[in-house]
Amino acid sequence: MSQEKATGRTARQSSTQDGVQVPKSADDLLLTSDSVVTPTLSVIMPTLNEEEGIAECIEMIKRGIDRIGVTTEIIISDSSTDRTPEIAREMGAIVVKPDEPGYGYAYRYAFERARGEYIVIGDADTTYDFEDIPRLLDEVINNDADMVMGSRLGGEIKSGAMPPLHQYIGNPLLTKFLNTFYGAGVSDAHSGFRIIKREALDNLELKTDGMEFASEMIMEAGARDMTIREVPITYHEREGDATLDSFEDGWRHVKFMLVNAPGYLFSIPAMILTGIGVLIMSLAYFSISIGGVNVGIHSMIAGSLLAISGYQIGSLGVFATVAGNPIKKSRQPVMGWLLKRLQLEHTATLGLLMFTTGTVYAGFLLIQWITSDFTQLPLLMDDIVAFTAIVLGVQTVFSSFFMSTIAE
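Turning to a negative patch on the surface, a few remarks are in order. A surface patch of negative charge is lined by Glu51, Glu52, Glu56, Glu237 and Glu239. Here Glu51 lies in the loop between β1 (41–47) and α3 (54–68). Overall, the relative accessible area of 36% leaves Glu51 in the partly exposed class.

Here it is as structure tokens:
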């Protein structure tokens, strides 16, 4: 953002506040909670025993805002047992104490108290260079972004700043998940250094309390077609002990993403299992060999079980989409199509048709057996086809009524 543009905004705000003039230094730009001037920026940092890094982070913020001359409040959402809150207050920051634990809750608690037109978030462990705030703010204002993220993977990661497991596996994999499921289109979905417009933040339905908050924020923005941009940043070594548990917190991110994208969680495995099952049954039933190998009765049984399992998983996906409130509900790839077009009468009729077809075929086979004086057993493959149709028909009929019940 240009110096003139930022200063002009501040001047307009100040001119309505009893003649208060545009501040000239970083300390003048820093506002307290009882200030009558509405800040342009609110910089929020959640802290948990960050006394080794909090002072340096606040100094970086001051140097950053001094370059662009915008009024700013620094809010520390603190759950520490060390001197972190005392140090922050001494340096002019506003300290709030969340009444519940959790990384995500600390942010949500502070969001309710932030007054800025733009909200900056970041960790207080010196890993992020807050002097880059002007670069992120410029991207928001001049490129019409709803949210801008500092990309570590697209920038520079200092030696020892990020464990190799996170740098080469964890973060790229989780970012790939988010881009696939939610169309975020980012290179570093779990960077904690971000700036977002207040109006955009107010449109996000953020609910999580833990580390998965970082994912939820991107998921919500992506699901609402918000414009997300990135700025390459340098990621530094942290001061103090890390509070992130690689596997536990990584799993929380993955679980949260999958639960909130039932169309992917259920429909893809369902299509794969059902497709493979039907293919195997067809090869076996019509005695089609593959590479000179005949697919026999045992493969037929396996195919039937796969088809039934896949069908059941697909049904669970429909239930999850109807009964739950997933973030990605509006864009289910398969489930959305089903929910828009299939009604109780349609699915129940389809199930009844499948059940009737299977029953008639099984009855035909039974009659053949009886008329042969019980000497000629029906082919097992025919039995499997008939009873697979019966099972799928029963599932479809009762699943239809269950879906109709939970949808009301």
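From this point, the discussion proceeds with the structure in view.
Another point: a nonpolar patch on the surface. On the surface, Leu165, Tyr168, Ile169, Leu173 and Phe247 cluster together to form a nonpolar patch covering roughly 580 Å² of accessible area. Ranked by residue count, the leading element in the nonpolar patch is helix α7 (residues 164–182), at four residues. One can find Tyr168 in helix α7. By relative accessible area, Tyr168 is classed as exposed at 60%.

Let's shift gears to the pairing of β1. Counting buried residues in β1 gives seven out of seven residues, a clear majority hidden from the surface. Where burial is concerned, the two faces of β1 agree: the one with Leu41, Val43, Met45 and Thr47 and the one with Ser42, Ile44 and Pro46 are both buried. As defined by bridge partners, β1 adjoins strand β2 (residues 72–78) across seven bridges and the pair is classed as parallel. Looking at β2, one finds that Leu41 is bridged to Thr72. Where β1 meets strand β4 (residues 118–121), four bridges bridge the pair, whose relative direction is parallel. Looking at β4, one finds that Leu41 is bridged to Tyr118.

Among the structural elements, Ser299 can be located in helix α12 (residues 297–323). Residue classification places Ser299 among the partly exposed positions, given a relative accessible area of 28%. Linking Ser299 and Ile280, residues 19 residues apart in sequence, is a C-alpha distance of 6.7 Å.

For the structure on display, the rule yields 15 salt bridges. For the salt bridge of Arg238 with Glu50, the shortest nitrogen-to-oxygen distance reads 3.6 Å. Of this pair, Arg238 sits in the loop between β7 (228–235) and α10 (246–259) while Glu50 sits in the loop between β1 and α3, and the two are 188 residues apart along the sequence. For Glu50, a relative accessible area of 8% corresponds to the buried category. Its salt-bridge partner being Arg108, residue Asp209 comes within 2.4 Å of it at the nearest N-O pair. Of this pair, Asp209 sits in the loop between α8 (198–202) and α9 (213–223) while Arg108 sits in helix α5 (residues 103–111); the two residues are 101 residues apart in sequence, bridging distant segments of the chain. Here Asp209 falls in the partly exposed class, since its relative accessible area comes to 36%.

Rules of the game
Residues numbered from 1 in each chain as written. Predicted model: local features only at pLDDT ≥ 70, side-chain atom pairs only at ≥ 80, totals over all residues. Heavy atoms only, no water. Patch = residues over 30% accessible without salt bridge, like charges linked within 9 Å, V, L, I, M, F, W, Y side chains within 5 Å. Areas by Shrake-Rupley, 256 points an atom, 1.4 Å probe, with all protein chains shown as cover. Salt bridge = Lys/Arg side-chain N within 4 Å of Asp/Glu carboxyl O. Lys, Arg positive; Asp, Glu negative; His and termini not counted. Charge placed at Lys NZ, Arg CZ, Asp CG, Glu CD. Helix = DSSP H or I, 4+ residues; strand = E, 2+ residues; numbered from the N terminus. Buried < 20%, exposed > 50% of the residue type's maximum accessible area, 1.4 Å probe, protein only. Pairing = 2+ DSSP bridges.

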